Amino acid sequence: SVAFVLPGSLSRSILSVHGIRDSISQWRSTAPAERLRRGKPLQFRAQLSEDDEDELERMKEERVLPFDKGSSEFIPSEMQPANEWINLKEEFLFDWTLLPVQEFAARLGGVFAFFFFFVSLPIAGTTYDAPEEWQLRFLASMIGSSTVTLVLVLRFLTFVNFVSERLSQEAVYFESDERRPVTTTDLQRLGYRAQGAMWIKPPEILARDRLMKQMEVNPVLEKLKKTSGGFAAVLLTSIVLFNIINVDPGFDPRFVQSEARLRDLQNPNNEAVANQEGERLRKRGNKPAYCYSRYYKAIAGGDQDVCGQ
């Protein structure tokens with residue numbers, strides 16, 4: 001048998017009629033035993049120009065992702081939903097979402113612990129440095145570290161949900177890269193410039209995408225939803241408890257927002273403020289409130305003998 005292999009996208013390449021005739025004559029003259037031993041059909045390939053060969057090599061390099069076969073030649077491979085999911089799994093930290101539940105929880109627990117002990121707790125310890133304020137320090141640290149971890153999980157959830165929706169859709173939006181078209185006639189065949197278009201998936205590709213979503217993406221999506229709900233519950237609980245415990249910050253110099261309020265606290269003729277601060281002073285071990293803030297201690301001129309430091 002004789003098979004003619006012609007690249008479909010390189011229509012301007014022409015086979016030589018005499019070359020075909022000579023090759024057929026040579027094939028006929030070959031001994032039958034030799035043809036059977038080879039066991040391969042004779043193939044004729046077009047003589048390509050240097051520009052055509054360069055274009056063919058570039059096309060091979062760019063069309064390397066799987067799941068590209070069967071798709072429209074005008075759809076960029078990186079914008080096909082199946083390839084988007086493959087690329088997403090290779091992004092930084094997104095491989096965590098493919099881990100088993102226990103290992104995924106351990107990774108997030110490490111992130112939470114890092115921000116709790118090395119970022120949130122030092123900041124909360126500077127703000128709430130009184131010995132009796134350990135609950136506020138703990139809750140403030142919980143709020144900070146759970147917020148960072150929740151943002152990370154929500155980032156995972158947003159991208160995975162985006163790809164999940166594109167996998168299940170019958171028609172998806174795409175944009176052609178006009179700077180690097182697949183062929184020189186792509187833009188003319190597409191019939192638009194600098195605009196997007198909708199790709200209606202063939203039935204076999206739609207079935208493949210939905211199967212991929214069901215088998216690979218849905219378990220990851222469900223895991224991320226439960227994880228984000230858990231961290232959101234921790235964050236909300238910490239905020240509520242913090243507000244319950246921190247019931248009277250009104251006369252604490254650390255929460256003063258203006259110099260006028262600070263002068264009011266420093267005024268010895270203000271009996272109401274003096275009485276409230278006296279009660280707070282007894283609860284704090286007979287130390288002025290400014291002793292618990294380096295900033296306001298410097299403003300008030302508190303010495304080491306008064307503050308005991």
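Residues numbered from 1 in each chain as written. Predicted model: local features only at pLDDT ≥ 70, side-chain atom pairs only at ≥ 80, totals over all residues. Heavy atoms only, no water.

A look at the side chain of T149
Put simply, the rule reads: Numbering of helices and strands starts at the N terminus; helices are DSSP runs of H or I of at least 4 residues and strands are runs of E of at least 2. The buried label applies to any residue whose accessible area, calculated with a 1.4 Å probe on protein chains only, is under 20% of its type's maximum; exposed applies above 50%, and partly exposed to all values in between.
Along the chain, T149 falls in helix α6 (residues 134-168). The buried category is assigned to T149, whose relative accessible area is 0%.

What to know about the environment of S145
Residue placement: S145 occurs in helix α6. Assessed through its relative accessible area of 0%, S145 is described here as buried. In the structure, S145 is positioned 33 residues away from F112 in sequence and 5.5 Å away in space, judged by C-alpha atoms.

A word on a negative patch on the surface
Our working definition: Within this analysis, patches are made of residues with over 30% relative accessible area and no salt bridge. Like charges are joined at 9 Å or less; nonpolar side chains (Val, Leu, Ile, Met, Phe, Trp, Tyr) at 5 Å or less. Note on areas: Shrake-Rupley with a 1.4 Å probe; residue coverage comes only from the protein chains shown. A pairing counts as a salt bridge when a side-chain nitrogen of Lys or Arg comes within 4 Å of a carboxyl oxygen of Asp or Glu. By the counting scheme adopted, Arg and Lys are positive, Glu and Asp are negative, and His together with the chain ends is not counted. Where a charge lies is defined by one atom per residue type: Lys uses NZ, Arg uses CZ, Asp uses CG and Glu uses CD.
Together, E50, D51, E53 and D54 give the surface a local cluster of negative charge. Residue position: D51 is located in helix α3 (residues 50-62).

Re the environment of W96
Put simply, the test is: Whether two residues are in contact is decided by their heavy atoms, any of which lying within 4.5 Å being enough.
Tracing the sequence through the fold places W96 in the loop between α4 (81-89) and α5 (101-127). We classify W96 as buried; its relative accessible area is 13%. Considered as a pair, W96 and F156 are 60 residues apart in the sequence and their alpha carbons are 9.3 Å apart. Apart from residues lying up to four places away in sequence, W96 is in contact with F104, R107, L108, V111 and L152.

Describing the nonpolar core
Heads up, the condition is: To define a nonpolar core, start from buried Ala, Val, Leu, Ile, Met, Phe, Trp, Tyr and Cys residues and group those joined through side-chain atoms within 4.5 Å.
Counting 28 residues, the largest nonpolar core has W85, W96, V160 and L224 as the members making the most contacts within it. Contributions of two or more residues to this core are made by α4, α5, α6 and α8 (203-245). Considering every element that reaches this core, the biggest residue donor is α6, with nine residues. Excluding residues within four positions of it along the chain, L224 makes contact with T97, F104, V153, F156, L157 and V160. I75, V172, W199 and I205 belong to the second largest nonpolar core, which has five residues in total.

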